[in-house]
Amino acid sequence: MELADIAIKFGLIIVIFLISLVVAMYSTYAERKIAAFFQDRVGPNRAGPGGMFQPLADGMKMFMKEEIIPTNATSFLFIVGPSLAILTACIGSAVIPWGQNLVIGDKVIPLQVTDINVGILYIFGVVSLGVYGVMIGGWASNNKYSLLGAIRAASQNISYEISMGLSIIALLMVTQTLSLGEIAAQQHGWHWNVLYQPVGFLLFMVCAFAETNRTPFDLPECETELVGGYHTEYSSMKLGFYLFAEYINMFISSAVMATLYWGGYNYPGMDWVAAHVGPVIGPLIGTAVFFAKIFLFIFFFMWVRWTIPRFRYDQLMDLGWKVLIPLAIANIVVTGIVITFLN
Amino acid sequence: MESLSNKKKQLTVKPLNFWERAYLPAIMSGLAITMKHFFKKPVTIAYPDEKREFSENYRGMHSLKRDENGAERCTACGLCALSCPAEAITMQAAERQKGEEHLYREEKYAAVYEINMLRCIFCGLCEEACPKEAIYLDGDIIPSDYLRKDFIYGKDKLVEAPLNQ
């Protein structure tokens, strides 16, 4: 690999990293604003125009607050927990295709950090590692409420990972590949997978809600039942990392949903647009479309949060094991039958 | 048994049909409802910046009124204290001396007039009881304070500002 290529790759990594941090940062602001709008309120409006600097102020506050590590906590693991949570949240972005290849002169720049041929498996692996962050944090706190919260979070994540994995298998039967770049490229124009796999998408989305610990599946953070859940003992930026990881996860899972089911950077009439605006602007428009889809999904996450009340824990498990998994298996069977008879 | 009012109704819980059990249509309609709220105007009153107007008959802090010449109307008859269900009002009467005619309207006046704002329930009965139209609850909200003794409002806080000063 040439030095220039390495530099480009490195730049891309930095850019994507920064974008996911900024998006996560402003997701907190958007969350509060959108929550306010849904409740006929105004929301944060003191810091900067329309409260635009609120995330900066919040971040500053998080960093300045006193850092407390409980005396009986395992201090090493106590620090590892949130670090792991945010690390696993961040590295998921590596395989997501952010756009088509940019062609500048004779250089072809792929807008994807790495197009590994097991992209989906990588995402699943990384997401399941995120459970460790929660589990270690809850365990190291040496607090029974934290531990209960962590166990709940872990069992919820693991349960929903099963139906998530099963829901994706039907999609893989349609696309015949595990590479996210390939899957995104296959949905050229308007051939979006959601048209072929609506049930699969629904299952995947429900599981994504559970995996990111968002309402209605935000049981790990039941303040009424478990004080605060797995992060009861956490303060300052260590708590901030946990909360931040949730927002990055939301961003990444929105990106994954958009890539797998909603066509990624593809949009109807993209060939016509690309032919008219050239090989640099065209892919960038695709990237903009991709981000629009991601933001729509993030908005949907927040929209649902103010609509559906939290599940009870046994209802959550019932839904995961008795509804989603059989549905996913049925979806696989139906997809298999359709593929067999159409080909 | 025959019910007394004949208004008794037998309620039955119908089993949910398939779409109700599927839960998704209910979620859809819920999302529609929240979406409607998204485009509504906020009902917030951003308090320090804008204040909400009180209604016409809002009962706030008491004020002891002066007459058209600037003399205090209160004659310390004690009817307000008598009518007060919370026993928040206490007063001491005094006789008007020569040369004080511009200060007090009648021969008797309240030398000390205190309302304990922690006891007051803002019922407005003092206002109604007053034969001299001397007390009205037309003020603002009672401001917060740290000490209990600071909530006992004397004449310094209650009496209206003099007319031409």
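Relevant structure appears above.
About the cut-offs
- Residues numbered from 1 in each chain as written.
- Chains lettered and ligands numbered in written order.
- Predicted model: local features only at pLDDT ≥ 70, side-chain atom pairs only at ≥ 80, totals over all residues.
- Heavy atoms only, no water.
- Helix = DSSP H or I, 4+ residues; strand = E, 2+ residues; numbered from the N terminus.
- Rg over C-alpha atoms; globule rule 2.2 N^0.38 Å.
- Contact = heavy atoms within 4.5 Å.
- Areas by Shrake-Rupley, 256 points an atom, 1.4 Å probe, with all protein chains shown as cover.
- Lys, Arg positive; Asp, Glu negative; His and termini not counted.
- Charge placed at Lys NZ, Arg CZ, Asp CG, Glu CD.
- Buried area = accessible area lost by both parts, 1.4 Å probe.
- Salt bridge = Lys/Arg side-chain N within 4 Å of Asp/Glu carboxyl O.
- Polar contact = N/O pair within 3.5 Å; in protein donor to acceptor, adjacent residues only side chain to side chain.
- Nonpolar A, V, L, I, M, F, W, Y, C, P; charged D, E, K, R; others polar.
- Buried < 20%, exposed > 50% of the residue type's maximum accessible area, 1.4 Å probe, protein only.
- Core = buried A, V, L, I, M, F, W, Y, C linked by side-chain atoms within 4.5 Å.
- Phe/Tyr/Trp six-rings, centres within 6.5 Å; stacked < 30°, edge-to-face > 60°.
- Expected span 1.5 Å × (residues − 1).
- Axes fitted to C-alpha atoms, helices over the stretch in contact; angles between N-to-C directions.
- Parallel < 35°, antiparallel > 145°, perpendicular 65-115°, else oblique.
- Left-handed = near helix turned anticlockwise from the far one by under 90°.

Some points on the overall build of chain A
When you go through chain A residue by residue, the secondary structure sums to 12 helices and 2 strands. For chain A, the α and β elements follow one another from N to C terminus as α-α-α-β-β-α-α-α-α-α-α-α-α-α. Taken over C-alpha atoms, the radius of gyration comes to 21 Å for chain A, in line with the 20 Å a tight globule of 343 residues would show. For chain A, the proportion of contacts with a sequence separation of at least 24, taken over those separated by at least 6, is 80%. Looking at chain A as shown, the accessible area adds up to about 15,600 Å², and 72% of this sits on carbon and sulfur atoms. Chain A carries 17 positive and 21 negative side-chain charges, and their two centres are separated by 9 Å.

As for the interface of chain A and chain B
Tallying the contact residues gives 16 residues for chain A and 15 residues for chain B. Taken together, both faces of the contact between chain A and chain B bury some 1,400 Å²; the carbon and sulfur share is 71%. Summed over the three residues of chain A that lose the most area to chain B, namely Phe38(A), Asp40(A) and Trp303(A), the buried surface amounts to 37% of that side. Note that Asp49(B) and Arg46(A) form a salt bridge whose closest N and O atoms lie 3.0 Å from each other. For the pair chain A and chain B, the interface holds 7 residue pairs in polar contact (both at pLDDT 80 or more). Breaking the side of chain A that touches chain B down by element, the ones donating at least two residues are helix 1 (3-38) and helix 11 (270-305) of chain A. Class assignment of the residues belonging to the side of chain A that touches chain B gives a composition of 12 nonpolar, 1 polar and 3 charged.

Here we look at the environment of Phe10(A)
All names here are of chain A. The residue Phe10 is located in helix 1 in this model. The exposure class of Phe10 is exposed, given its relative accessible area of 55%. With 103 residues separating them in the primary sequence, Phe10 and Val113 have C-alpha atoms 8.6 Å apart.

What about the nonpolar core?
Judged by nonpolar contacts, the single largest core of 93 residues is most densely connected at Trp98(A), Ile168(A), Phe204(A) and Leu260(A). Counting 24 residues, the second-largest nonpolar core is a separate cluster that includes Cys80(B), Ala110(B), Ala134(B) and Leu137(B).

Quick notes on the pattern of salt bridges
In total, this model carries 14 salt bridges over all chains according to the counting rule given. With a shortest N-O distance of 2.6 Å, Lys65(B) and Asp138(B) are connected by a salt bridge. Of this pair, Lys65(B) sits in the loop between strand 1 (63-64) and helix 3 (79-83) while Asp138(B) sits in the loop between strand 4 (135-136) and strand 5 (152-153); the two residues are 73 residues apart in sequence, bridging distant segments of the chain. Assessed through its relative accessible area of 14%, Lys65(B) is described here as buried. The class of Asp138(B) is partly exposed, set by a relative accessible area of 46%. Each of Glu31(A), Arg214(A), Glu246(A) and Arg305(A) takes part in a single network of salt bridges with overlapping partners.

Structural notes on the packing of aromatic side chains
Residue and element names in this part refer to chain A. Tallied over the full model, the rule gives 31 aromatic pairs over all chains. The interplanar angle of 50° and the centroid separation of 5.7 Å between the aromatic rings of Phe204 and Tyr261 together place this pair among those described as tilted. Note that Phe204 is positioned in helix 8 (residues 198-211) and Tyr261 in the loop between helix 10 (236-260) and helix 11, a separation of 57 residues in sequence. In this structure Phe204 comes out as buried when scored by relative accessible area, which is 2%. The interplanar angle of 40° and the centroid separation of 6.0 Å between the aromatic rings of Phe299 and Trp303 together place this pair among those described as tilted. Linking Phe299 with Trp303, this pair stays in helix 11, spanning 4 residues, or about one helical turn.

Points about helix 4 (residues 119-140) of chain A
Compared with the 32 Å implied by 1.5 Å per residue over 22 residues, the 32 Å span of helix 4 of chain A between its first and last C-alpha is a close match. A positive phi of about 55° marks Asn142(A), the residue just after helix 4 of chain A.

As for the packing of helix 1 of chain A against helix 2 (residues 54-64) of chain A
All names here are of chain A. Where helix 1 contacts helix 2, the two axes come as close as 8 Å, and the packing angle between them is 115°. With respect to helix 2, the element helix 1 is oriented roughly perpendicular. Here the hand of the crossing between helix 1 and helix 2 comes out right-handed. Counted together, Met25, Tyr26, Thr28, Tyr29 and Arg32 of helix 1 and Gln54, Pro55, Leu56 and Asp58 of helix 2 form the full contact between these two elements. Taken together, the residues that form the contact of helix 1 with helix 2 break down as 5 nonpolar, 2 polar and 2 charged.

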